Each structure stands twice: as structure tokens, then as C-alpha cells.
Amino acid sequence: MKKTTILLLLALCLPAAAAWACTNFIVGKDASTDGSTIISYAADSYTLYGFLRFSPAADHPAGSMREVKDWDTGRPLCQIPQVPHTYTVVGNMNEHQLTIGETTWGGRHELEDTVGIDYGSLIYIALERCKTAREAIDCMTSLVAEYGYASSGETFSIGDPNEVWIMDLIGKGPGRKGAVWVATRVPDDCICAHANQARITTINFKDKANWRWSKDVVKFAREMGYFEGKDADFSFQAAYAPFDFSGLFVCEARVWSFFRHFSDDMDSYYDYATGKTFVATSGKDAGTPMPLFIKPNRKVSAQDIKDCMRDQYEGTPLDITQGTDAGPWGSKLRYGGLGFQVDSVQYWYERPTATQQTGFSFVAQMRGYADPKAGGIFWFGVDDAATSVYVPIYSRINHVPECFAEGNGDMYTFSHTSAWWIFNLVANWAYTKYSRMLPEIKAVQTALEAHFNAQIAAVDAEVARLPGDKEVRHYLTNFCDTQADNTMTEWQRLYIYLVTKYIDGQERKVENGQFVRNPYGEPAYPDRLPFPEPYLRTITSEVTHE
């Protein structure tokens, strides 16, 4: 039977990775099936309520100020001068299709600060003010240089319809305004990923067209005692986010699992990505690192990325739905965080891309080939991606659908019209008998997304026919509202169906989509399925026998 925990002496367990979250996948325009650039993002937090952020375009009078609040806590941070005009922002994509995602890696604790602008605010300020990825990099880095950086180490995915960049950034610690950072363009024919671990190592200082960096990125590392040697040998990751076991097993393993879907040789990196080499060398060597980006062995579609966001390590030794700790019905839930201690030894659970604490996730499709009037598609879902649906949300709409709207419920306020609550009802019920219910959920999920995908060409054609921007925005808004409403209706029906079928741990009989009744019209007797035999064998010593 699969052993689903990794043993590691407590002395090697440095930062507490249990709080780390989020995963990003990136696709260059020549690596995608249709010429889109693609960025995906799972915003994972046990305190994050899933809604679709929206701010309309606006003009601002001279002297206006923009308040900055910490995205995670709501804590007021500072005020900065407002720009004359801000763009419409839908989620993490603006009307010009600029998209920004992130993952937090923390890094050197002494470089954290609470003064300035936090990582989340940097994202949304840049989306309000910028049209391109390069403009966004300039905006974000200039803001932290002027006001300070009120977060820990971050990796940002920053993309527009023409190019996508990855940027690692960390502050300089209390009393030192600014940040050190490096950014590189993902080659157009490549894919990339990051998952709570800084991934940029050496910097190509000669290639200023595709690399950007803070002037003191190496100097500051030397000053702090993080690096000695030649500039050409400098590694951002090694200096500012040195590996520990969790950075590999909890984080890099997600990147490895993404790459394996589009590469034929990722098995060679398994010991690196799962921390086995790190443990074998007592933390002296993590092994040969995975490349920052790879050329996929086939073209990648937006639907491929949606499916990868649902990855639970299926088909690998890390499959979280297998093993004793998955229980009799293959549940992905692990209680008490990412691991546990017994007799002063730390054990770790797998941490796949699809996780129960996701607030929202998206697959941003930045379509340079499409009519600019239509713009990009922000495929949006709430809660666990494995049991969610990605609904098409165009970037040039007037408002977001009610089920995704901010203020429609919150973490402590249930709402029957909130997608986050309805999808949580389905997912949490499914966790009780996961191997039985997940296939039924996926059937509805697949049908809905296939229906959405089939409509896009017709929507684009209609947009091209419409005479003006006002008509386009009205049409796209109505389309997105309809798709979201239909999704909610289907998911509410699905919840009622699953509760009815699996109530009290039994399984009601179904034929041709209908619950079976006996010849007299009464409910047929349910199937009382026993635990699967492998699980029964694990409990024989604790159950009375003849």
C-alpha cells in the first residue's frame, strides 16, 4: 500500500510551510494551441472567500489619493497619489488583457517588513494603471522603491497577449525601503510554473531584452552575507530563498507534476522535486534543479491548463487520493495542516495543485489574435479546482455575475446565491466518499466546460458584428451572466442529487438518471457498499471476528 507521508528529521524542517499556498502555470504564445498567452493562478487560503474582484475604469481629479490596504488582512498601509485614469479590472485581468498572478515563498525572514505596499496591492494597482507586462514590472518595482514592500518573498506571473514574464521579488527588511528583484521573459515556445518557491537562479546580465533586475540584486546579497563570488555565478534563489525540505516536497513537486504532463523526461527530477536528494545529503545538496521553463511536447490549450489546475498527483507515487491516510474512499483531506509529529519526527503530507482551501482560481487566456473588442477570457472558478467549474468571464464586461460578486456572502455569512458556498457544499459532501462522488462531479464539470468552449467562436463572431464598444460590453456582460447562472443552477441540482444518492453513507440506486423505485412506487432499498477490500485489511485487527 502507498506510503503517503515523508519522514524527515525535525532538524531539517526550517520554515513552517503549512501556511504557504498558491500555484501558477504559464504558457507562451507559441506554445499554446491558438496563439494565446496563458496564466493560471490558484489563490489558496483558509481565510480567503472566493469572489470575482471588479473595478470599473475611472477618471480621477488631480490630487486624488489611492488608499492601500493589505490584501490578506485588510490592514491600512498607506496612501499613494492616484493616476488620472484607471482601467477596468476583472479579477486579475484588465481590459487590455494584462494579467498578474503570484505565489508566496517567504525567503529570508529578516527581509520581511510591514511598511509600504503589500504584494496583493501591487498586483491590483498595476492592473489599474498598466497595459503591458513590461509596464507592470516598471510600475510594481518603482512603487516598492518609493514606498517600501510590506510582504515577504514573492514570485509574480505577469503577462499580456504578446509575452509573459516571471518575477521574483523580496524586500530589504525593516528600515530599508525598496526590494531586490529579477524578472525574465518566458520564451514564447515554452511553459513555466512556480508554486511557493523562488525558481530563478542565475541571471543573464548580457540579455537586457529578456532579463530585468534591480541594480543592487547582487550587491545587496553580498552585503547581507548571502553570496560570495562572481556576478555570473550568482543565483537569486540560492541567495534569497535557499531550499529547505518543504520548498521541494511541498512546492517544487507541484511544478514537477505540471511539467510531467508536457515532457517525456521529468522522471529524472523526481528525487530532486520530492526532497529525497536533499534528505540524503543532510540538506547540503538539493540535486539537479528542474529547468525554469521547458518546451512542451505538444501544443497546450486553455482547457489543458484547467485540467492541470485539478492535478492531485494522480498516476504518481504522490497521489493524494491513495493510501491509508486517504481513508476507505480516497479522500484528499488531511487534518491538522501539511503534516504531523510523532516521537519528535516530522511527517509530511503531499500538497497537490488542487486543494480544498482554494478561495478562487483562474485560467487567464490573453488572446492577441482575437478582435480587441472581445478581449481576453478570464476563466474563473471558486473553491477546490478539482470539483469546480471554470466559467468564461470576458475582460470587457460592465459587471460581474451575481454569484461571483463581492459582498454576496462571506466566510461567515452563508448565501444560497453565492458560487463559493454552493461549490463548497458539493465539495465537502464529496470528500466523505470521494472515490464514489468525484466521477459524478467530473461528468457535470466536463459537460459544462465543453459547452462553454463550443460557444467562444460564436461569441467572438457576434462581437465582431456589433457596431460599438457599448453594445459589445453589454453583450459580453449578458453572456457571462448567463453562463454563471446556468452553472449555479447545475451545481445546485448536483448537490441535491449527491445528497439524495449518498445520504447516511448508503448509495441509492439510479437507472437512466432517475432514482429507482420498487413496483409499488416506494424507494428501492439502497446499496450498502462495504469498505474497499484493501482498507478492510487494514482494520481487521481492530474489528471483532468469529
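Details of the structure are given in the entry above.
Procedures and definitions
Residues numbered from 1 in each chain as written. Predicted model: local features only at pLDDT ≥ 70, side-chain atom pairs only at ≥ 80, totals over all residues. Heavy atoms only, no water. Helix = DSSP H or I, 4+ residues; strand = E, 2+ residues; numbered from the N terminus. Rg over C-alpha atoms; globule rule 2.2 N^0.38 Å. Buried < 20%, exposed > 50% of the residue type's maximum accessible area, 1.4 Å probe, protein only. Contact = heavy atoms within 4.5 Å. Salt bridge = Lys/Arg side-chain N within 4 Å of Asp/Glu carboxyl O. Pairing = 2+ DSSP bridges. Axes fitted to C-alpha atoms, helices over the stretch in contact; angles between N-to-C directions. Parallel < 35°, antiparallel > 145°, perpendicular 65-115°, else oblique. Left-handed = near helix turned anticlockwise from the far one by under 90°. Nonpolar A, V, L, I, M, F, W, Y, C, P; charged D, E, K, R; others polar. Core = buried A, V, L, I, M, F, W, Y, C linked by side-chain atoms within 4.5 Å.

Chemist: Tell me about the overall build of the protein chain, and name the residues and values.
Modeler: A tally of regular secondary structure across the protein chain gives twelve helices and 23 strands. Computed over the C-alpha atoms, the radius of gyration of the protein chain is 24 Å, within 12% of the 24 Å expected from 2.2 N^0.38 for a compact globule of 546 residues. C-alpha extents for the protein chain along the principal axes are approximately 80 × 65 × 45 Å. Expressed as a percentage of its 546 residues, the buried residues of the protein chain come to 57%. In the protein chain, the proportion of contacts linking residues at least 24 apart, taken out of those at least 6 apart, comes to 72%.

Chemist: Could you give an account of the pattern of salt bridges, with specific residues and numbers?
Modeler: Scanning all chains against the criterion turns up 27 salt bridges. The closest approach of N and O atoms between D44 and R351, which form a salt bridge, is 2.8 Å. Placement of the pair is D44 in strand β3 (residues 37–44) and R351 in the loop between β19 (345–349) and β20 (358–366), with a sequence separation of 307 residues. Judged by its relative accessible area of 2%, R351 falls in the buried class. Where R465 meets E462, a salt bridge forms, and the shortest distance between an N and an O atom there is 2.5 Å. Of the two residues, R465 and E462 are both situated in helix α10 (residues 434–465); the distance of three residues between them amounts to about one turn of the helix.

Chemist: Tell me about the environment of F423, residues and numbers included.
Modeler: Relative to the helices and strands, F423 resides in helix α9 (residues 419–430). Judged by relative accessible area, F423 falls into the buried class, the value being 2%. With sequence-adjacent residues up to four places away left out, F423 is seen in contact with V382, D383, T387, S388, V389, T487 and W491.

Chemist: Help me get a handle on the sheet that holds β3, residues and values and all.
Modeler: The strand order β17-β15-β2-β3-β20-β21 describes an open sheet built from six strands, whose pairing is antiparallel. A strand with exactly one partner marks an edge of an open sheet, and here the two such strands are β17 (293–294) and β21 (377–382). In the sheet, strand β15 (residues 191–194) pairs with β17 via two bridges, with the strands oriented antiparallel. Its bridge partner lying in β17, I191 is registered against I294. Along the sheet, helix α5 (residues 245–260) makes contact with β2 (23–27), β15 and β17, crossing β15 at roughly 155°.

Chemist: Describe in detail the packing of α10 against helix α11 (residues 469–502), supporting the description with residues and values.
Modeler: It is at 11 Å that the axes of α10 and α11 come closest, and there the two elements cross at 165°. As far as their axial angle goes, α11 and α10 are roughly antiparallel. Where α10 crosses over α11, the two elements pack in a sense that is right-handed. Across the contact of α10 with α11, the residue classes break down as 17 nonpolar, five polar and five charged.

Chemist: I'd like a description of the nonpolar core, backed by residues and values.
Modeler: Core analysis: the biggest nonpolar cluster contains 128 residues, and F234, Y240, I393, Y394 and F404 have the highest contact counts within it. Counting 32 residues, the second-largest nonpolar core is a separate cluster that includes I123, Y124, A126 and A150.

Chemist: Help me get a handle on the pairing of β15, residues and values and all.
Modeler: The two faces of β15 match: I191 and A193 on one face and C192 and H194 on the other face are all buried. Two elements, β2 and β15, share four bridges in a ladder whose sense is antiparallel. The partner of F25 across the bridge, within β15, is A193.

What is shown is where atoms sit, not what they do.
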